[in-house]
Amino acid sequence: MIYSTVALVLVVLAVIGPPVIKGGAIGGLAGGLIVAVVGRYMVAPILSRNHYRKYKAIQEEFTVELHEDGVRFSSPNADGKLTWGNMLKWRQDEKYILIYPMPRIYHIVPKSIASSGFDVLLLVDGLTRHVGKAV
């Protein structure tokens, strides 16, 4: 919201401001766009790879079980159930389902586990019924 407001103010200044202000506003818009693109497509992937390498627990094999009241995740070091009511949102693409218990923390469920007998369609149906549409 703040970024949008700042961008809108800069656009207005670039359109109707005096010549000195127009140059600064256009420079601010261009700089902001460059920072956003570099951050999204260069910095974020590098940080993600580094975090994955350092976080050994995420590299361990885990199991997913679908229950009537939620989803159970188990690994050699942890075991827990995430109930439908504690799921904030979820999303999916052709390879993964992400289940968010908090805005920036999520569980990754690879759709490839269907080959092991897990009913991915039943999980998607349960998420849709109890949590809402995917975002």
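Residues numbered from 1 in each chain as written. Predicted model: local features only at pLDDT ≥ 70, side-chain atom pairs only at ≥ 80, totals over all residues. Heavy atoms only, no water.

Let's shift gears to the sheet that holds strand 3 (residues 79–83). Taken in spatial order, the three strands of this open sheet run 1-2-3, and their pairing is antiparallel. This sheet does not close on itself; its edge strands, each paired only once, are strand 1 (63–67) and strand 3. Between one strand and the next, the sheet's axes are offset by a mean angle of 20°, whatever the strand orientation. One ladder, built from five bridges, connects strand 1 with strand 2 (residues 70–74); its direction is antiparallel. Bridging from a neighbouring strand, Thr63 pairs with Ser74 of strand 2. (Pairing = 2+ DSSP bridges. Helix = DSSP H or I, 4+ residues; strand = E, 2+ residues; numbered from the N terminus. Axes fitted to C-alpha atoms, helices over the stretch in contact; angles between N-to-C directions.)

What follows concerns the sheet that holds strand 6 (residues 105–110). In space, the three strands of this open sheet follow the order 4-5-6, with antiparallel pairing throughout. Edge positions in the sheet fall to strand 4 (89–92) and strand 6, since each of these pairs with one other strand and no more. Sheet twist, expressed as the average angle between the axes of neighbouring strands with direction ignored, equals 20°. Bridge count for strand 5 (residues 96–102) against strand 6 is five bridges, and the pairing is antiparallel. Note that in strand 6 the partner of Tyr96 across the bridge is Pro110. Most of the contacts of helix 3 (residues 120–130) go to strand 5, to which it runs at about 35°, and overall it touches strand 4, strand 5 and strand 6. (Contact = heavy atoms within 4.5 Å.)

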